[in-house]
Amino acid sequence: MRVKVGVIGTGAIGIEHIDRINQKTQGAYVTAVSDINVKAAKEVAKRVDAKFFETGEALIASEDVDVVVVTSWDPTHEQYVLEAIKHGKYVFCEKPLAMDAAGCRRIVDAEVAYGKKLVQVGFMRRYDRGYIELKEAIESKQYGEALMMHCAHRNPSADENYTTPMAISNTAIHEIDVLRWLLNEDYESVQMILPKKTSNSHADLHDPQLLIFQTKSGVTIDLEIFVNCRFGYDIKCDVVFETAEVGMTDPAYTRIKSEEKNYTPVSPDWQTRFLDAYDYEFKLWIDSIKNDAVVGPTAWDGYVAAITMMACHESRETKTKVMIQMDERPALYNE
Ligand code: NAP
């Protein structure tokens, strides 16, 4: 069976995912697209031989669509995911699942009422080889318990529309999900510290920012967010165990010796750094649909990320350590 995929949102990442599904996954193809930007969506529809739909709702209801991908503007995610659940269709939603924890909770409740996991959230770090190997090291306990993690998420530059809270909602959100997944436990608290501000930022963005998380078992994590670091796209995750340190490296396939220097290049951007992870994410998503059981990041993971994100904002505003409290996890999400 070939899975018929409908994509809502034909902007930057929507187009990448459309090509990924058509060119890199087995047994799935894009049959339908929709976007508020009608002209752009019709051009994409023509290029990939898919049907254009005036609204996301019409696309979801169509018999031409087995499963849905939501890559539209953040505030529209919740409505399309809820609509897909209403029709009993699997739905992949790019992060964020919804604009806040209450929106994520509405999706969780709808899915629990439906009685089956249909939603997968686009937390693609879980599909990166470096993180997968770190998880294996943590779970094997070959170096004892993980005690601390030192992490960083650095972008070369951010535009004028990128403001202080976006360092959490657009950037740290990836670490918020993947670090909890690595350790297989939830956060207990978070404290934000605002270091000296770089001169390469603007009035509405405090850059860099530092987050200190403590997990339920006491693992302490420091996470630097620095979106105007200038030198490249740099992701760090070093885990300190009882008897070893295991750190993730930037994937590089060449090394350069030139002008009396010996170096490996830094990734220029997130697309380059995580290209393989996106491909793997979609391959496994399509495979899981064929097995009729999605296994990736759930709506509950989207809810936990939103709760944690809100605690980060509160810590920044109150300049205090904030305890992270959430609802009890519904049985549907117990592994
Ligand atoms: P983008 O280029 O702005 O594309 C978003 C598209 O959604 C635009 O074409 C926009 O049209 C359209 N849109 C707005 N309102 C809509 C509606 N009501 N119904 C249907 N379409 C609507 O943004 P992007 O970079 O592709 O990002 C899309 C989503 O993916 C965002 O939620 C973002 O957070 C997420 N994302 C995730 C990752 C990741 O690493 N997982 C990376 C990048 C992006 P207009 O341009 O006319 O407004």
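Quick notes on the rules
Residues numbered from 1 in each chain as written. Predicted model: local features only at pLDDT ≥ 70, side-chain atom pairs only at ≥ 80, totals over all residues. Heavy atoms only, no water. UniProt positions renumbered as here; feature names shortened; annotations may be inferred. Helix = DSSP H or I, 4+ residues; strand = E, 2+ residues; numbered from the N terminus. Axes fitted to C-alpha atoms, helices over the stretch in contact; angles between N-to-C directions. Parallel < 35°, antiparallel > 145°, perpendicular 65-115°, else oblique. Left-handed = near helix turned anticlockwise from the far one by under 90°. Contact = heavy atoms within 4.5 Å. Expected span 1.5 Å × (residues − 1). Buried < 20%, exposed > 50% of the residue type's maximum accessible area, 1.4 Å probe, protein only. Polar contact = N/O pair within 3.5 Å; in protein donor to acceptor, adjacent residues only side chain to side chain.

**Q** It is not clear to me how the UniProt feature "domain: Gfo/Idh/MocA-like oxidoreductase N-terminal" (unreviewed entry) in the protein should be interpreted in this structure. Could you clarify?
**A** Per the UniProt record, the feature "domain: Gfo/Idh/MocA-like oxidoreductase N-terminal" (unreviewed entry) sits at residues 3–123. A helix fraction of 45% and a strand fraction of 21% characterise residues 3–123, whose end C-alpha atoms lie 22 Å from each other.

**Q** Quick question: what am I supposed to make of the packing of helix H1 (residues 12–24) against helix H2 (residues 38–48) here?
**A** Helix-helix packing is described using two parameters, namely the angle between the two axes and the distance between the axes. At a closest axis distance of 12 Å, the pairing of H1 and H2 adopts a crossing angle of 15°. What the angle tells us is that H1 and H2 run roughly parallel. Like other packed secondary-structure pairs, H1 and H2 cross with a definite hand, here right-handed. Of the residues in H2, those touching H1 at Ile15, Ile18, Asp19 and Asn22 are Val44, Arg47 and Val48.

**Q** Looking at this model, I keep getting lost on helix H9 (residues 299–318). Mind explaining?
**A** Between the first and last C-alpha of H9 there are 29 Å, a value that for 20 residues agrees with the 28 Å anticipated at 1.5 Å per step. In terms of burial, H9 is a largely internal element, 16 of the 20 residues being buried. Its side-chain oxygen 3.2 Å from the backbone nitrogen of Trp300, Thr298 forms the N-cap of H9. Directly after H9, the chain includes Lys319, whose backbone phi takes a positive value near 55°.

**Q** Explain the side chain of Thr171 here, please?
**A** Position of Thr171 relative to the elements: it lies in helix H7 (residues 166–183). The buried category is assigned to Thr171, whose relative accessible area is 5%. Not counting chain neighbours up to four residues away, the residues in contact with Thr171 comprise His153, Asn155, Tyr162, Met166, Ile225 and Val227.

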